[in-house]
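What the coordinates show
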Amino acid sequence: MANSILALCRHAPYGNTLAREGLEAILACAAMDQIPAVLFTGDGVYQLLEQDPQAINEKSLRRNLQAMPMFGIEQIHVCEKSVAARGIATDTLQLAGAELVLLADTGAFIRDFDQVLSF
Amino acid sequence: MANSILALCRHAPYGNTLAREGLEAILACAAMDQIPAVLFTGDGVYQLLEQDPQAINEKSLRRNLQAMPMFGIEQIHVCEKSVAARGIATDTLQLAGAELVLLADTGAFIRDFDQVLSF
Amino acid sequence: MQFTLVVYGAPHSSEGAATALRFAQATLAAGHGIYRVFFYADGVHNGSALAAPPQDEQDLLGQWQSLQQDHALDLTVCIAAAQRRGLLSESEANRLEKPSANLAAGFSLAGLGQLAEAAAVSDRLISFGG
Amino acid sequence: MQFTLVVYGAPHSSEGAATALRFAQATLAAGHGIYRVFFYADGVHNGSALAAPPQDEQDLLGQWQSLQQDHALDLTVCIAAAQRRGLLSESEANRLEKPSANLAAGFSLAGLGQLAEAAAVSDRLISFGG
Amino acid sequence: MTLHIVNQSPLGGSALHDCLASFVEGDALLLIEDAVYAATAPTHHKLPQDNIYALTADAHARGVKLAQGVKGIDEAAWVDLCVAHTPIVSWFR
Amino acid sequence: MTLHIVNQSPLGGSALHDCLASFVEGDALLLIEDAVYAATAPTHHKLPQDNIYALTADAHARGVKLAQGVKGIDEAAWVDLCVAHTPIVSWFR
């Protein structure tokens, strides 16, 4: 039986490519039917804000995010503490087609997986 | 008249190459008679601890540090607050041939230079 | 037990690449298998044939290559991450009309599906940050 | 006024490379001069002739090269940092007996003395982190 | 007077913290790249009251609204800031 | 039980902080590379009391003395820790 996989997204978008390359890896897993659970934590929660990176000549990461539900990732997990620590109002976080699940205890959540990919 | 130059060293040794490449740049400046002032701050103060990186197959950065006085860099400036925040006893910081000057106000010190190289 | 290693760090730039190599050596020495080493993000530079560190610094490329030969290691470099960063095989260089290739012997380019597959079937997956 | 730019970030890896390019364009548009752009640490990868980002991502190399041509920019890549990271000119590849070269046209390799000199004589020096 | 430039997010790394420890009254602070997240809550991140700037392109890219007291500038104004200040110190990684 | 691996210095970045926010009793923490600086003062950096390890090679390289309660291990023992735990989570950059 295949392992259960969690993708942990901890980095803000655009400053470096970890955010983008993380999302690309997640979609690649899902395309191979190894559908990972996804948890945004730390600066990774910034990936869930509205974006418009034309002014810095980047493609929007929102496109990659929005592809997730189409690939069968229908729940997106978000660390509640990370959101609060950054002063983000939870209603500004959204992703069409996906349910955002705020987690109070990320440690208990992480424990249940066989493998964790960190980005 | 040539500009006055400050080299600001903010990174711990070995984890990435900024510490090493910073010291190499400092020595190159000094070799060209553009002798920079040097300030260790933040995690950069870790560079001043004793080191023995044979176990990780790295050359010791202490050699580069110890070359500084030979190139005419006789004072090394160190941010006092950074040392304290890391719980380092000041007497464990030392560099043969150089005088370590602890600075309480790094901002006033930085202001006096024309150019700052950050590492 | 079968391990998969994911390497994010470029050699001679962050320590992660060297740490991954030491871990790989210890894993094999303990009698475990390495299912795959997957080089991603800046880690793709580990597969550069052109790195020329000073004589008195460690030769990470040579060590990966001899480990690969001795244990038939699967050293896979993510092709998308490699293209962005200018790491190309002969056939990729031709296809993209680039003047030269620089992928080292012992490494092969492949897609992210190889990461997904390794995560699904290995007993343990461990990442080495950049 | 004469500016010197120091670039630490690799393109398609950290934003600093793209930020430096936008700053360089704005500096020249304002009528200032650029004495030198010095690529150091991971920033040396800006000089790679082999980077092949996806068609819909920005072509940083091409933009540096056209800026170089239009303004006779001095784009200097630190030779020691480049050797460690596998960025070689034809003559360096020959000298080090490496199979190929990958330094892009418009960029030149030189020592850290070029950074020291630029810091000493430019009116402003600004660094772009990696 | 110094122009400080920070490119790291306020909680992701120590760059902003280290910079503020070296900030003197009269200095200027420019937030670029991931550091623009600090511009949403200047008081929370203990930013100084005066001479705080953020690169509009980076803020816009990330969906960051600049709080009152943070001046959004373009690259041309950044060049002007560099002309008006010396030295220029970058805090990164 | 999870094996957490951190490679960033305690004040330099958020990796250790983020890790500790996800640490559950029974998990293990391994400090490698620049994270070994946290092993000098476990209480100061709010490390858990049990199952704290540091890579001896990295500590030795940096002149770091491990405080009581932090077990120094070599690469072979690291492999054993990986065998004994699942999942393995790396916190970096």
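Owing to the predicted nature of the structure, the values given are computational and were not obtained by experimental measurement.

When pLDDT is averaged along chain E, the result is 97; 100% of the residues meet or exceed 70. Two numbers describe this predicted complex: its pTM, 0.98, and its ipTM, 0.97.

What follows is about empty space enclosed by the protein. All told, the structure shown has 13 cavities of 30 Å³ or more when counted by the stated rule. Here the largest cavity is characterised by a volume of approximately 610 Å³. Lining the largest cavity are 38 residues, and of these E:Gln8, E:Gly12, E:Arg93, F:Gln8 and F:Arg93 lie nearest its centre. Split by residue class, the lining of the largest cavity holds two nonpolar, 23 polar and 13 charged.

Two numbers describe how helix H1 (residues 16–29) of chain D lies on helix H3 (residues 75–84) of chain E: the axes approach to 9 Å, and their chain directions differ by 75°. It follows from the interaxial angle that H1(D) and H3(E) lie roughly perpendicular. Contacts from D:Thr19, D:Arg22, D:Phe23, D:Ala26 and D:Thr27 of H1(D) reach H3(E) at E:Glu75, E:Ala76, E:Trp78, E:Val79 and E:Cys82. Its residues assigned to classes, the contact of H1(D) with H3(E) shows six nonpolar, two polar and two charged.

Moving on, we come to helix H2 (residues 60–71) of chain C. Residues and elements named next belong to chain C. With 12 residues, H2 ought to run about 16 Å at 1.5 Å a step, and its terminal C-alpha atoms sit 16 Å apart, in line with that. Those residues of H2 that fall on the buried side of the exposure criterion are Leu-60, Leu-61, Trp-64, Leu-67 and Gln-68. Along the long axis of H2, the arc covered by the buried residues comes to 130°, so they all point the same way. Pointing more than 90 degrees away from the buried face of H2 are the exposed residues Gln-69 and Asp-70. Lining the buried residues of H2 we find helix H1 (16–29), strand E2 (33–39), strand E3 (75–78) and strand E4 (107–110). In the segment just after H2, Ala-72 is the residue with positive phi, at about 50°.

Thresholds, definitions, all that
Residues numbered from 1 in each chain as written. Chains lettered and ligands numbered in written order. Predicted model: local features only at pLDDT ≥ 70, side-chain atom pairs only at ≥ 80, totals over all residues. Heavy atoms only, no water. pLDDT = per-residue confidence, 0-100. 1 Å grid on protein atoms, 1.4 Å probe; cavity = no way out; pocket = protein on both sides within 12 Å on 5 of 7 lines; lining within 4 Å. Points joined across faces, edges and corners; volume = space filled by probe spheres on them. Nonpolar A, V, L, I, M, F, W, Y, C, P; charged D, E, K, R; others polar. Axes fitted to C-alpha atoms, helices over the stretch in contact; angles between N-to-C directions. Helix = DSSP H or I, 4+ residues; strand = E, 2+ residues; numbered from the N terminus. Parallel < 35°, antiparallel > 145°, perpendicular 65-115°, else oblique. Contact = heavy atoms within 4.5 Å. Expected span 1.5 Å × (residues − 1). Buried < 20%, exposed > 50% of the residue type's maximum accessible area, 1.4 Å probe, protein only. Arc of directions from axis to C-beta.

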